[in-house]
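Structure at a glance
The chain contents come next:
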Number of protein chains: 2
Amino acid sequence: MFSELQPSQRTIMTPGPVETDPRVLRAMSSPILGQFDPEFTAIMNDVMAMLRQLYRTENRWAFPVDGTSRSGIEAVLCSMIEPGDRVLVPIYGRFGYLLTEICERHGADVTTIECEWGEVFQQETIIQTIESLAPKIVALVHGETSTGRQQPLDQIGQACRKNGALFVVDAVATIGGTEMNVDEWQIDAVIGGTQKCLSVPSGLAPITYNERAEAVIQARKKVERGIATEDELSLNAGRPAIGSNYFDLSQLQDYWSERRLNHHTEATSMVYALYEGLRVVLQEGLEERFARHRYHEQALVAGLKGMGLTLYGSEEAKLPMVTCIEIPEGIDGESVRAMLLEQFGIEIASSFGPLKGKIWRIGTMGYSCRKENVLAVLSGLEAVLLYHGAAIESGRSVPEALNVYMQ
Amino acid sequence: MFSELQPSQRTIMTPGPVETDPRVLRAMSSPILGQFDPEFTAIMNDVMAMLRQLYRTENRWAFPVDGTSRSGIEAVLCSMIEPGDRVLVPIYGRFGYLLTEICERHGADVTTIECEWGEVFQQETIIQTIESLAPKIVALVHGETSTGRQQPLDQIGQACRKNGALFVVDAVATIGGTEMNVDEWQIDAVIGGTQKCLSVPSGLAPITYNERAEAVIQARKKVERGIATEDELSLNAGRPAIGSNYFDLSQLQDYWSERRLNHHTEATSMVYALYEGLRVVLQEGLEERFARHRYHEQALVAGLKGMGLTLYGSEEAKLPMVTCIEIPEGIDGESVRAMLLEQFGIEIASSFGPLKGKIWRIGTMGYSCRKENVLAVLSGLEAVLLYHGAAIESGRSVPEALNVYMQ
């Protein structure tokens, strides 16, 4: 009744999930090890070491939460927020709203500032709000895939530190694709995504946090009954609890520490995937990988402009791995996407909320960020737009991209 | 610096994670599909249909939560519990404590009843407590791997219904290995595990719940800002929120429904794994699979008794896929486990809390539950025990198991 699994080979040019690196796919078919097998805990330690390199941090804590990207965001926020804590969330797209949703579920007193979608904030604006509001936490999206914008944030960590705030950054879209200098930028906690520039399937959320964040988390540490010692049970009694067991970072870090205190059963195959994905990234080199993302972005943008399409949003704040295009007047954006998928096996994305039906989004992320994919999406999109009667320049898109590639 | 991934081939005889079925390992190396690709949403629908067969339910909602088993437990409980709600948790091992931990994190007023570890409750005892306490929710572990016991519960759902309570069952250890008749037993919500009798890696938590549970969940439904319509935003305003965004089943079910309302990015490769794991289970047949678990348990028990070892706990309440053994006087249990792993590549488990250092636990689950594994663990354990100077019968264990197999 249920047929063999045989998914088609797609060219995935969305802002995630993107194509998985073939080395990562192969790694996932390795046999399972037990969660406390010394061979497996050695792999866990290597994953931590590689994550530190990826995040450019000396933080002790760098490990994945077992869930999709937003599980990492919720783990960080719910472990740091106590009910009533003041949190500042600057919003410039959908995923800023997600941060407020998560903070509010955990009882935070959330203040938002917003700028127009398609733009980002001047850092000075955020810093002034931090000074006047004095929040406990500032939560900010680094790369907002819904609008294709990237928020500069290298000055904000310093301002947080000066004003006694903790700085939490959602780097789900940017990690492994563009600079994320956690220590240099004085970021206290960061959440990355696997299914975007790392080209690992969705299902883990690698995070890192420093001693400032850890101090806040450990103040509510409890060890589970059923595995706690007598001493720990009496310590438990005097402390308020973090609002989730699964997302309790004080427990997760015990599991990822030498103590290996049992919590969940680690998602073995996904850890294999992350291990191999991080090896691929570090073997390529971070700077080389960031340059590759900019290079293919340049070719893609040249090709889209060659077609006469208009890019959406502030050029200066463009996210290098997401390119947003205004859907031409009179064209049904969903019909174009469907035809691209059905006839060419190429997937591009629409967007959310106020941008639904207004823009397409093309991702050039990780393993999907390569020449043949950029050329395929340009030629496919041109053909489909012509089929839909769009008033575009024909025959100029791919040559413009080739100009970049054949320089 | 970081070497090729090449995990050893282990014989994993713990109560989970166990060896992954090779068909499942291969499925995970299939290329990724986009989360809204019609090919992928068809796979999601098939997974739901197969889960209904596994759980023997007509429930509309049967889908995985993206996280390890306890993520499913927390999703169910936090979506059903409102702060102050009375919850009854009968405890007969470590994972009963886990249920209380999770309930308390979400503000429940938890009442526990406990029986001695190694025993289970008379159903009548639980039913009487339900009648006197009138809880909103009864949360119960079906198979308690920490003690290797199975709680009979076919009468409890009916009692819950009569007393206006919702019945939530943790079937992480039992699903796919022994009977779980969700509709017949009138269970309102159930959480299964992947890494045990389904032989799929850890990382998803398949759940199912009925209309009674759904009504409670939907009373606190909110649609995320950034994707909500104007009408939905005004509905949101009048409702209290579920205490987590990631675990909000009212949002997860929208994602798994025809509406496909964006929430997280589904863990594609893990869904492939679950898809193939469920196909393997249904092709074998549920009754045949349950019988296989009992058959190999019988051989294992015969072999262990042949060695002269003493089984731990009430025989009548024994979990068919977990066999607990008292560590013989004077033997260092951890030294035995380490030697079994290092010399034979065989992993067995210790236990938690009061049972730490007192018992070993051997799992016969899913793909690990097969003849060569049972014979390997018996001969390995005998050799290691002799090496440690244990007073056991030599040369009688494997023949006793073979008596079962060669009948």
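Residues numbered from 1 in each chain as written. Chains lettered and ligands numbered in written order. Predicted model: local features only at pLDDT ≥ 70, side-chain atom pairs only at ≥ 80, totals over all residues. Heavy atoms only, no water.

Listed by partner, the interface residues are 83 residues for chain A and 83 residues for chain B. Contact between chain A and chain B buries roughly 7,000 Å² in total, counting both sides, with carbon and sulfur atoms accounting for 55%. Where chain A meets chain B, there are 16 salt bridges. For the pair chain A and chain B, the interface holds 42 residue pairs in polar contact (both at pLDDT 80 or more). (Contact = heavy atoms within 4.5 Å. Buried area = accessible area lost by both parts, 1.4 Å probe. Salt bridge = Lys/Arg side-chain N within 4 Å of Asp/Glu carboxyl O. Polar contact = N/O pair within 3.5 Å; in protein donor to acceptor, adjacent residues only side chain to side chain.)

A few words on the sheet that holds strand 3 (residues 86–91) of chain B. Residue and element names in this part refer to chain B. Strand order across the open sheet formed by seven strands is 2-10-9-8-5-3-4, with mixed pairing between neighbours. Two strands close off the open sheet at either side, each with one partner strand: strand 2 (61–65) and strand 4 (109–114). Across this sheet, the average inter-strand angle for adjacent strands is 20°, counted without regard to direction. Summarising the sheet, strand 3 and strand 4 pair through six bridges and their orientation is parallel. Of the residues in strand 4, the one forming a bridge with Leu 88 is Thr 111. Across the sheet, helix 2 (residues 38–55) lies against strand 2, strand 9 (189–192) and strand 10 (205–209), angled at about 105° from strand 2, the strand it touches most. (Pairing = 2+ DSSP bridges. Helix = DSSP H or I, 4+ residues; strand = E, 2+ residues; numbered from the N terminus. Axes fitted to C-alpha atoms, helices over the stretch in contact; angles between N-to-C directions.)

Residues and elements named next belong to chain A. UniProt records the feature "modified residue: N6-(pyridoxal phosphate)lysine" (unreviewed entry) for Lys 196 in the present numbering. The topology assignment puts Lys 196 in the loop between strand 9 (189–192) and strand 10 (205–209). Residue contacts for Lys 196: discarding those within four places in its chain leaves Pro 15, Gly 16, Val 18, Thr 145, Val 172, Ala 173, Met 365 and Gly 366. (UniProt positions renumbered as here; feature names shortened; annotations may be inferred.)

The next point concerns the pattern of salt bridges. Per the counting criterion, the structure on display carries 52 salt bridges over all chains. Note that A:Arg70 and B:Glu224 form a salt bridge whose closest N and O atoms lie 2.5 Å from each other. Taken as a pair, A:Arg70 in helix 3 (residues 69–80) and B:Glu224 in the loop between helix 7 (211–218) and helix 8 (230–237) lie in two separate chains rather than in one. B:Glu224 carries the same exposure label as A:Arg70, and that label is buried. (Buried < 20%, exposed > 50% of the residue type's maximum accessible area, 1.4 Å probe, protein only.)

Between its first and last C-alpha atoms helix 3 of chain A spans 17 Å; for 12 residues at 1.5 Å apiece the expected length is 16 Å, and the two agree. Among the 12 residues in helix 3 of chain A, 12 count as buried, and that is most of the element. (Expected span 1.5 Å × (residues − 1).)

Here we come to the domain arrangement of chain A. Residue and element names in this part refer to chain A. Domain annotation of chain A identifies domain 1 (21–281) and domain 2 (286–405). Averaged C-alpha coordinates put domain 1 and domain 2 at centres separated by 31 Å. Contact with domain 1, which involves 31 residues of that partner, is made by 26 residues of domain 2. Both faces considered, domain 1 and domain 2 share a buried interface measuring about 2,300 Å² in area, 61% of it formed by carbon and sulfur atoms. The interface formed by domain 1 and domain 2 contains one salt bridge. Note that Glu 287 and Arg 56 form a salt bridge whose closest N and O atoms lie 2.8 Å from each other. Of all the secondary structure elements, the ones that give two or more residues to the side of domain 1 that touches domain 2 are helix 2 (38–55), helix 4 (94–105), strand 6 (143–144), strand 7 (149–150) and helix 10 (268–284). Here the residues of the side of domain 1 that touches domain 2 are counted per class, giving 10 nonpolar, 13 polar and eight charged. (Domains from an automatic or database assignment. Nonpolar A, V, L, I, M, F, W, Y, C, P; charged D, E, K, R; others polar.)

Right, let's get into the UniProt feature "binding site: substrate" (unreviewed entry) in chain A. All names here are of chain A. As recorded in UniProt, the feature "binding site: substrate" (unreviewed entry) lies at Arg 361. With respect to the helices, strands and loops of the structure, Arg 361 is situated in strand 13 (residues 359–363). What Arg 361 contacts, discounting residues up to four positions off in sequence, is Met 13, Pro 15, Thr 145, Ser 146, Val 322, Thr 323, Cys 324, Ile 348, Ala 349, Ser 350, Ser 351 and Phe 352. Within the structure, the side chain of Arg 361 is placed 2.7 Å from the backbone oxygen of Thr 145, a separation counted as a polar contact.

Residue and element names in this part refer to chain A. For helix 13 (residues 371–387), built from 17 residues, the straight-helix expectation of 24 Å at 1.5 Å per residue is met to within 8% by its first-to-last C-alpha distance of 24 Å. Among the residues of helix 13, those classed as buried are Asn 373, Val 374, Leu 375, Val 377, Leu 378, Gly 380, Leu 381, Glu 382, Val 384 and Leu 385. Remark: Gly 389 follows helix 13 within two positions and exhibits a positive phi of approximately 75°.

Residues and elements named next belong to chain A. Here seven strands make up an open sheet; going across it, the order is 2-10-9-8-5-3-4 and the pairing mixed. Either end of the sheet is taken by a strand with one partner, and the two such strands are strand 2 (61–65) and strand 4 (109–114). Between one strand and the next, the sheet's axes are offset by a mean angle of 20°, whatever the strand orientation.

A few words on the side chain of B:Arg279. The topology assignment puts B:Arg279 in helix 10 (residues 268–284). According to the relative accessible area criterion, B:Arg279 is buried, its value standing at 6%. In this view, B:Arg279 contacts A:Phe2, A:Ser3, A:Glu4, B:Arg23 and B:Met50; residues no more than four positions away in its chain are not counted.

What follows concerns the environment of B:Glu287. Residues and elements named next belong to chain B. With respect to the element layout, Glu 287 can be found in helix 11 (residues 286–306). Since its relative accessible area comes to 43%, Glu 287 is described here as partly exposed. Between the C-alpha atoms of Glu 287 and Val 190, which are 97 residues apart in sequence, the distance is 20 Å. Every residue in contact with Glu 287, bar those within four places of it in the chain, is listed here: Arg 56 and Glu 179.

All names here are of chain A. A large share of strand 8 (residues 166–171) lies buried, amounting to six of its six residues. Here strand 8 shows no split at all, with Leu 166, Val 168 and Asp 170 on one side and Phe 167, Val 169 and Ala 171 on the other all buried. Examined bridge by bridge, strand 8 and strand 9 share four bridges and lie parallel to one another. Pairing of Asp 170 across the sheet is with Ile 191, part of strand 9.

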